[in-house]
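# Tertiary structure, described
Here are the chains, one letter per residue:
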Amino acid sequence: MEELGIIEDGSMAVQNGIIIDVGQTPELLDKYRAEVQLDASGKVVTPGLIDAHTHIIFAGSRENELEMKIKGTSYLEILKQGGGILRTVRETRRATRDELLAISRKRCNNMLLHGTTTIEAKSGYGLTLEDEIKLLQVIRALDEQSNLTLVPTFLGAHALPPEFEGKTADFVSTVTNEWIPKVTELKLAKFCDVFCEKGIFEVEDARKILEAGRAHGLLSKIHADEFTALGGAELAAEVGAVSADHVLYSRIEGFRAMRDKGVIAVLLPAAPLTLMLDKYADARALINMGVAVALGSDMSPSCWLENQQLLIALACYRLKITPAEAITASTINAAHACRMASKIGSLETGKKADIAVFDIPDYRFLGYVLDGNATDLVIKNGKIVVRNRSLCN
Ligand SMILES: [Zn+2]
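Residues numbered from 1 in each chain as written. Predicted model: local features only at pLDDT ≥ 70, side-chain atom pairs only at ≥ 80, totals over all residues. Heavy atoms only, no water.

## A few points about the sheet that holds strand S10 (residues 264-267)
Within a sheet, neighbouring strands are paired by backbone hydrogen bonds and run either parallel or antiparallel to one another. Strand order across the open sheet formed by eight strands is S4-S5-S6-S7-S8-S9-S10-S11, with parallel pairing between neighbours. Every interior strand has two partners, whereas the edge strands, strand S4 (49-51) and strand S11 (293-295), have only one. When the angles between neighbouring strand axes are averaged without regard to direction, this sheet yields 25 degrees. As judged from the three bridges shared by S10 and S11, these two strands associate in the parallel manner. Its bridge partner being in S11, Val 266 is matched across the sheet by Ala 294. Here helix H6 (residues 129-145) sits on the sheet in contact with strand S5 (116-122) and strand S6 (149-157), set at roughly 175 degrees to S6. Contacting strand S8 (219-224) and strand S9 (243-246), helix H9 (residues 232-239) crosses the sheet at an angle of about 175 degrees to S8. (Pairing = 2+ DSSP bridges. Helix = DSSP H or I, 4+ residues; strand = E, 2+ residues; numbered from the N terminus. Axes fitted to C-alpha atoms, helices over the stretch in contact; angles between N-to-C directions. Contact = heavy atoms within 4.5 Å.)

Right under this line is the structure:
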């Protein structure tokens, strides 16, 4: 993850949205006559950034909960009082598809402005079949209509909906027997995810949901061991999940199982920060063991982060990974976490021309500077979509 393969004075040739050559500038200038030539002298060019974990489609906000958190109320206590996810579920159910599309489009555009060109996006604030489908349709519409690529994940088991209070087993069988078949019939999701946590969906429940997803062709992701060492990491390995996300409290045996099965650890340093936990995933142990680490914002009403440059800095300062590792985690490894690495995530011949140009003298400024937006140009499928920190049409 430390090896970025930097080419000093490098160039790329792009045709029809695809990178057709990469090399030294004099060499490429000899080989090609370009209709449009972009000069990035003195700047840093990276693959378009990829955010491997977001809950970007929701209505409303939860700024009141910041004060509760400051006074020491825990996430799970807020949830028990009808706040947290359940409040967002009420507000998201009330919102129409078009309203959700409009508010989510702004967030997608802001991500683009900061150099992000692909995000994973989860449902999970509908928690009825109809509302979950509504969210997944918004994800699909944004993927088609915006310049951001959205990779859809069905997270019907995000929380127990109020209608199923005290009936977790009934809800799990509803998700596995009714919701997953319908969502896959409509081809609305690539991944199936579950919030595996003590008192919410235990390992047994999560296993049933992920296996039902797999039986219908959905790849697995899991919210694992965010608050307790429940065994989510081990389950991810057992079911052959593409990624296990959070993994704050996972046991070392869980990490080993992930490594042996090639499960990617998606780390979300803004999540414990906004939960005011003094605990972060052990990124160094994961990397040293040979687990591939990717980064996600966890963008949601409780962790509102649209600037992936800040995410990279948080990863450096809180997870203690280097800027090079954080860039790998935000590009090629995040592409693997989205199962899109054959098309995006690196600047290589044959890949899509999803490119970010940062006005910084050295790539390490991406981890070093906390609050800025160094984006100079964003190119999506070979087309300039952001210039001078503004969206192009
Ligand atoms: Zn999440």
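## Points about helix H5 (residues 97-113)
In a regular helix each residue adds 1.5 Å, so 17 residues correspond to 24 Å; H5 covers 24 Å between its end C-alpha atoms and thus fits that length. One or two residues past the end of H5 sits Gly 115, with phi positive at roughly 100 degrees. (Expected span 1.5 Å × (residues − 1).)

## Focus: the packing of H9 against helix H10 (residues 252-261)
Contact pair H9 / H10: the axes reach a minimum separation of 8 Å and the direction vectors enclose 20 degrees. The angle between the axes of H9 and H10 places the two elements in the roughly parallel class. As H9 packs across H10, the resulting crossing turns out to be left-handed. On H10, the residues that touch Ala 233, Glu 234 and Ala 237 of H9 are Glu 253, Gly 254, Ala 257, Met 258 and Lys 261. Considering only residue class, the contact of H9 with H10 consists of four nonpolar, one polar and three charged. (Parallel < 35°, antiparallel > 145°, perpendicular 65-115°, else oblique. Left-handed = near helix turned anticlockwise from the far one by under 90°. Nonpolar A, V, L, I, M, F, W, Y, C, P; charged D, E, K, R; others polar.)

## What to know about the sheet that holds strand S13 (residues 375-380)
One open sheet holds the five strands; their spatial order is S3-S12-S13-S14-S15, and the pairing between them is antiparallel. The sheet terminates laterally at strand S3 (44-47) and strand S15 (390-391), the two strands that pair on one side only. Looking at chain direction, S3 and strand S12 (residues 355-358) are connected through four bridges and run antiparallel. Looking at S12, one finds that Val 44 is bridged to Phe 358.

## Considerations on the packing of aromatic side chains
Enumeration over the complete set of coordinates arrives at six aromatic pairs. Considering the side-chain rings of Phe 58 and Tyr 125, the 6.2 Å spacing of their centres and the 70 degrees angle between planes classify their relative orientation as edge-to-face. With a gap of 67 residues between them, Phe 58 in the loop between S4 and helix H2 (64-70) and Tyr 125 in the loop between S5 and H6 connect regions that are remote in the sequence. A relative accessible area of 0% means that Phe 58 is categorised as buried. Owing to a relative accessible area of 3%, Tyr 125 belongs among the buried residues under this scheme. With a centroid separation of 5.4 Å and an interplanar angle of 85 degrees, the aromatic rings of Phe 365 and Tyr 368 are classed as edge-to-face. Separated by three residues within a single helix, Phe 365 and Tyr 368 lie in helix H16 (residues 365-368), roughly one turn from each other. Note on Phe 365: relative accessible area 31%, which makes it partly exposed. The exposure class assigned to Tyr 368 is exposed, which follows from its relative accessible area of 54%. Against the face of Tyr 249 rests Lys 279, its NZ or CZ located 4.9 Å from the ring centre. We note Arg 364 situated over the ring of Tyr 363; from NZ or CZ to the ring centre the distance is 5.7 Å. (Phe/Tyr/Trp six-rings, centres within 6.5 Å; stacked < 30°, edge-to-face > 60°. Buried < 20%, exposed > 50% of the residue type's maximum accessible area, 1.4 Å probe, protein only. Lys NZ or Arg CZ within 6 Å of the ring centre and 35° of its normal.)

## Remarks on the pairing of S12
Burial of the side chains of S12 extends over both faces: Ile 355 and Val 357 are buried on one face and Ala 356 and Phe 358 on the other. By the bridge criterion, four bridges tie S12 to S13 in an arrangement that is antiparallel. From the neighbouring strand, Ala 356 faces S13, where its bridge partner is Val 378.

## Description of unusual backbone geometry
The phi dihedral of Asn 16 falls on the positive side, at around 50 degrees, and the residue is not glycine. Mapping Asn 16 onto the fold places it in the loop between strand S1 (10-15) and strand S2 (18-24).

## Some points on the pattern of salt bridges
Going through the model one piece at a time under the given rule, you end up with 18 salt bridges. Taking the shortest distance from any N to any O, the salt bridge between Glu 120 and Lys 122 comes out at 2.7 Å. With its nearest N and O atoms 2.8 Å apart, the salt bridge here joins Glu 325 to Arg 284. Here the residue Glu 325 occupies a position in helix H14 (residues 323-330), and Arg 284 occupies one in helix H12 (residues 283-289), the gap between them amounting to 41 residues. Salt bridges sharing partners connect three or more residues here, namely Glu 120, Lys 122 and Asp 193. (Salt bridge = Lys/Arg side-chain N within 4 Å of Asp/Glu carboxyl O.)

## Some remarks on the pairing of S9
In this sheet, S9 lies alongside S8 in parallel orientation, the contact comprising four bridges. Opposite Ala 224, over in S9, you have His 246 as the bridge partner. For the crossover that starts at S8, traverses H9 and ends in the parallel S9, the hand is right-handed. Sheet analysis places S9 next to S10, joined by three bridges and oriented parallel. Its bridge partner being in S10, Ser 243 is matched across the sheet by Ile 264. Taken together, S9, H10 and S10 form a β-α-β motif whose crossover is right-handed. (Right-handed = clockwise from strand over helix to strand, strands pointing away.)

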